[in-house]
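Close look at the chain arrangement
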Amino acid sequence: MKKRLIAAVQVIMILAACLTFSFAADRPVTIIVDGATLPINGILQDSRTLVPVRDVTEAMGAEVTWVNETQQVIIWREIPRCYDAGGGHYPIIGMDHYEIMFQIGSNSITYTNPDVNDATGQIDVPAQLINDKTTIPLRAACEYLASTVEWDGATNTAIVTS
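Residues numbered from 1 in each chain as written. Predicted model: local features only at pLDDT ≥ 70, side-chain atom pairs only at ≥ 80, totals over all residues. Heavy atoms only, no water.

1. A short note on the side chain of Thr112
Relative to the helices and strands, Thr112 resides in strand E7 (residues 108-112). For Thr112, the residues in contact, after removing those within four places along its chain, are His97, Tyr98, Glu99, Asn117 and Asp118. (Helix = DSSP H or I, 4+ residues; strand = E, 2+ residues; numbered from the N terminus. Contact = heavy atoms within 4.5 Å.)

Structure below.
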């Protein structure tokens, strides 16, 4: 009888741990871009935050194209290139072009930045269609578009600085 009680308690503890993990994973992720909280949430999948591509990247000043025939999303952004002219003056001397291409279901990406053209890289979680929206890993998209992401685990918030 005592062995059965111990076994039952162990099973209950394991189930409770699994349920706690499941609820934590289902908790929505708040997305803040340049100080503005977006009206959408990200989701956690395999320890990665997936976000609707258009909402987040357009908030960063990027443009998005969906290619239905190939199930690809192409995101590009241009950032002014400046130099320190002294006296607090930073004139724009050109534009730096950043581009990234995700394909639904693929862990491979293609990207362009001021240093490389059409390079390939890998992401942990592929781009996906969730509720008819293209979702992508937030950190990968931001970093390939010359932005940064900070994670606040206490509030389940991703903070993007473009």
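2. Re the pattern of salt bridges
One pass over the structure, following the stated rule, counts 5 salt bridges. Among the salt bridges present, the one from Arg81 reaches Asp96, with a minimum N-O distance of 2.7 Å. Here the residue Arg81 occupies a position in strand E5 (residues 72-82), and Asp96 occupies one in strand E6 (residues 92-103), the gap between them amounting to 15 residues. Owing to a relative accessible area of 15%, Asp96 belongs among the buried residues under this scheme. (Salt bridge = Lys/Arg side-chain N within 4 Å of Asp/Glu carboxyl O. Buried < 20%, exposed > 50% of the residue type's maximum accessible area, 1.4 Å probe, protein only.)

3. Some remarks on the sheet that holds E6
Spatial ordering of the open sheet is given by E4-E5-E6-E7-E8, a layout of 5 strands whose pairing is antiparallel. Pairing within the sheet leaves two strands with one partner each, and these edge strands are strand E4 (63-67) and strand E8 (119-122). Ignoring which end each strand starts from, the neighbouring axes of this sheet average 25° apart. Across 5 bridges, the pairing between E4 and E5 is antiparallel. Bridge pairing in E5 places Val64 opposite Ile75. (Pairing = 2+ DSSP bridges. Axes fitted to C-alpha atoms, helices over the stretch in contact; angles between N-to-C directions.)

4. Observations regarding the pairing of E6
Inspection of the sheet shows E5 paired to E6 by 11 bridges, in the antiparallel sense. Pairing of Ile79 across the sheet is with Asp96, part of E6. The pairing of E6 with E7 spans 4 bridges and is classified as antiparallel. By the bridge assignment for E7, Glu99 is matched with Thr112. Between E6 and E7, which follow one another and run antiparallel, lie 4 residues, and Gly105 among them has a positive phi close to 85°.

5. Focus on the confidence of the model for the protein
Averaged over every residue, the pLDDT of the protein is 86; residues scoring 70 or more account for 84%. No element of the protein has a lower mean pLDDT than helix H1 (residues 2-26), at 46, and none a higher one than E4, at 97. Scored below 50 in pLDDT, residues 13-25 makes 2 contacts in the model with residues more than four places away or belonging to other chains. (pLDDT = per-residue confidence, 0-100.)

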